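Chain by chain, the residues:
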Amino acid sequence: MPRREIPQQRVVKTAIPGPKSQELIARRSDAVSAALGMAIPVFVKEAGGGVIVDVDGNSIIDMGAGIAVVNVGNSADLVIDRVVEQVHAFTHTCFMVAPYQGYVDVCEALNRLTPGKHKKKSALFNSGAEAVENAIKVARVFTKRSAVIVFEHGYHGRTNLTMGMTAKNMPYKEGFGPFAPEIYRMPMAYPFRWLGDPAECAAQALDLISHKIEKEIGFQNVAAIVIEPIQGEGGFIVPPKGFLPGLAKLAKDNGALFVADEVQTGFARTGEMFGCDDEGVIPDLITTAKGIAGGLPLAGLTGRAEVMDSVHLSGLGGTFGGSPISCAAALGAIETIERENLVERAREIGAIMVAELGAMAAKYPVIGEVRGRGAMQAIELVIPGTTEPNPAAMQAIVKYCQSKGVLLLTAGTYSNVIRFLPPLVMPEQLLREALSILDEALAAL
Ligand code: PLZ
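How each quantity is defined
Residues numbered from 1 in each chain as written. Predicted model: local features only at pLDDT ≥ 70, side-chain atom pairs only at ≥ 80, totals over all residues. Heavy atoms only, no water. Helix = DSSP H or I, 4+ residues; strand = E, 2+ residues; numbered from the N terminus. Buried < 20%, exposed > 50% of the residue type's maximum accessible area, 1.4 Å probe, protein only. Salt bridge = Lys/Arg side-chain N within 4 Å of Asp/Glu carboxyl O. Near = heavy atom within 4 Å. Polar contact = N/O pair within 3.5 Å; in protein donor to acceptor, adjacent residues only side chain to side chain. Areas by Shrake-Rupley, 256 points an atom, 1.4 Å probe, with all protein chains shown as cover. Disulfide = S-S within 2.5 Å. Pairing = 2+ DSSP bridges. Axes fitted to C-alpha atoms, helices over the stretch in contact; angles between N-to-C directions. Contact = heavy atoms within 4.5 Å. Domains from an automatic or database assignment. Buried area = accessible area lost by both parts, 1.4 Å probe. Nonpolar A, V, L, I, M, F, W, Y, C, P; charged D, E, K, R; others polar.

We now examine the environment of R347. The topology assignment puts R347 in helix α11 (residues 342–363). Under the relative-accessibility criterion, R347 is labelled partly exposed at 42%. Separated by 78 residues in the primary sequence, R347 and R269 place their C-alpha atoms 8.7 Å from one another.

Okay, structure coming up:
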């Protein structure tokens, strides 16, 4: 089948939203629950490379990749090929009913690519939240303990257990309780907002956490310490060096499992295959989703073989988990990441973003901090001269950029962070164009 070639350019032909999008937005309002948000008010016709083309013909630079999902780009060639082949062969049998090779291939790839050379095993699910849920199930069976340690600003999903693990109340938790018991939230090493000396943030946070676990929970009750290597929804909070290794050691010394939620940081995003690779941290369990399958729904749980094998037969599963179509897509996506060296590409994108965003931070005091790693960067916006969050500036910048055909995503406990997650196949000129429009938006504030 000939490939569609979507011109890699920004085109704004109509107001955003244009008339056709407006019509669909009206239908959406009438038919779809009002509880679902919308980052940009345009309806998509097609997408590829670094752009999303809407139904009015506007071509918008995509700085979100569907929340760090289409790292390999939308409809990447190898993803299309593998999916089409699979759809013709069969669409579903259920892996627990009659297994198929694609599932095993994906587990082998996860076992090979995730941090650590030890013997690992995997299981596949549908969503990031489901992978996190299963990490807790496995950790509780293996350790025969129940307490789960999570962190301020953490995000782990929208199911009941993962809502309880997620920090931010509005919009994720408000009114949806009661939440599951035995979840304990610890201080996060967040240098920009650390009350003590930022240089001492990692050591002080680790001391505090160790003290709180000992006094308030009891180490002997802790099944798992669960953390995102870089916190995503919470505002791209990069823990200072030493914090993650310190937590992993704390878990190990006390018979608990260290679980890395790599749902957002995984698959080349940070300029390493996984976020934990940066400091050589080797988790006992790793959750993956988002970037794993080029846009098809799939999630993985990977960990030490003896941990993953500790659960009784048929204790894990699900009807659709590890769908053959999603597995085919994942194999195409993983091959693309490796063949096109997207890990290196994420570093190059990161270097451009850090330089450009750093220059903007020097000009515009509304930028309190530029932070991130690789192609996962953000700016935290403040009232100039303070660290007070500035959500109004965030809103204004996003709106300005949308009107010029640039899609930006937001984040942060204080709703004052703009995050940049371009597809790793975005042409450099488009990335630079998006950043120059961001500069205009900052100047117009
Ligand atoms: N763990 C670290 O980032 C999903 C959520 C978007 P699911 N983040 C995007 C929204 O508002 O729902 C995420 C994550 C981390 C788990 C999850 C959950 O992954 O695939 O959305 O269930």
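Across all of its chains, the model carries 21 salt bridges by this definition. Between E356 and R432 there is a salt bridge whose closest N-O contact spans 3.3 Å. Taken as a pair, E356 in helix α11 and R432 in helix α13 (residues 428–444) lie far apart in primary sequence, 76 residues in all. Residue E369 pairs with R371 through a salt bridge whose shortest N-O separation is 2.7 Å. Salt bridges sharing partners connect three or more residues here, namely R193, E369, R371 and E380.

Another aspect to go through is the site of the ligand. Near the ligand lie 15 residues; those nearest to it are G128, A129, R158, D261 and Q264. Note that an oxygen atom of the ligand is positioned 2.8 Å from one of the backbone N or O atoms of G128. Q264 is positioned such that a nitrogen or oxygen atom in its side chain is 2.9 Å from an oxygen atom of the ligand. Compared with its free state, where it exposes 510 Å², the ligand has 81% of that area covered by protein.

One pass over the full model with this rule turns up zero disulfides. In this model C94 remains outside any disulfide bridge; the closest cysteine sulfur is found in C327, 12 Å from its own. According to the relative accessible area criterion, C94 is buried, its value standing at 6%. Cysteine C107 remains unbridged, with the sulfur of C327 as its closest cysteine sulfur at 7.3 Å.

Tracing the chain through its elements places E380 in strand β12 (residues 376–381). In this structure E380 comes out as buried when scored by relative accessible area, which is 0%. Looking at E380, its side chain comes within polar contact range of the side chain of R193, at 2.6 Å. Side-chain polar atoms of E380 contact the side chain of N416, separated by 3.1 Å.

A separate point is the sheet that holds strand β14 (residues 409–411). Ordered in space as β11-β12-β15-β14, the four strands form an open sheet in which the pairing is antiparallel. Two strands bound the open sheet, and with one partner strand each, they are β11 (367–373) and β14. The mean angle between the axes of side-by-side strands here comes to 25 degrees, regardless of whether they run parallel or antiparallel. Note: β12 against strand β15 (residues 417–420), four bridges, orientation antiparallel. Paired with E380 across the two strands is V417, which belongs to β15. Here α11 sits on the sheet and contacts β11, β12 and β15; the angle it forms with β12, its principal contact strand, is near 15 degrees.

Our focus in this paragraph is the domain arrangement of the protein. Per the domain assignment, the segments of the protein are domain 1 (19–62 + 341–444) and domain 2 (78–339). Relative placement of domain 1 and domain 2: their C-alpha centres are 26 Å apart. Residue-level contacts link 32 residues of domain 1 with 28 residues of domain 2. At the boundary of domain 1 with domain 2, total buried surface from both sides reaches about 2500 Å², with 55% on carbon and sulfur atoms. Three residues stand out in domain 1 for area buried against domain 2, namely R373, M376 and T413, and they jointly supply 31% of the buried area on that side. Here domain 1 and domain 2 share four salt bridges between them. A salt bridge links D278 to R373; the nearest nitrogen and oxygen atoms lie 3.3 Å apart. Where domain 1 packs against domain 2, one counts 23 residue pairs in polar contact (both at pLDDT 80 or more). Looking at the side of domain 1 that touches domain 2, the elements that each hand over two or more residues are α11, β11, β12 and β15. By residue number, the principal contributor to the side of domain 1 that touches domain 2 is β11, which donates five residues. When grouped by side-chain class, the residues that make up the side of domain 1 that touches domain 2 number 16 nonpolar, 10 polar and six charged.

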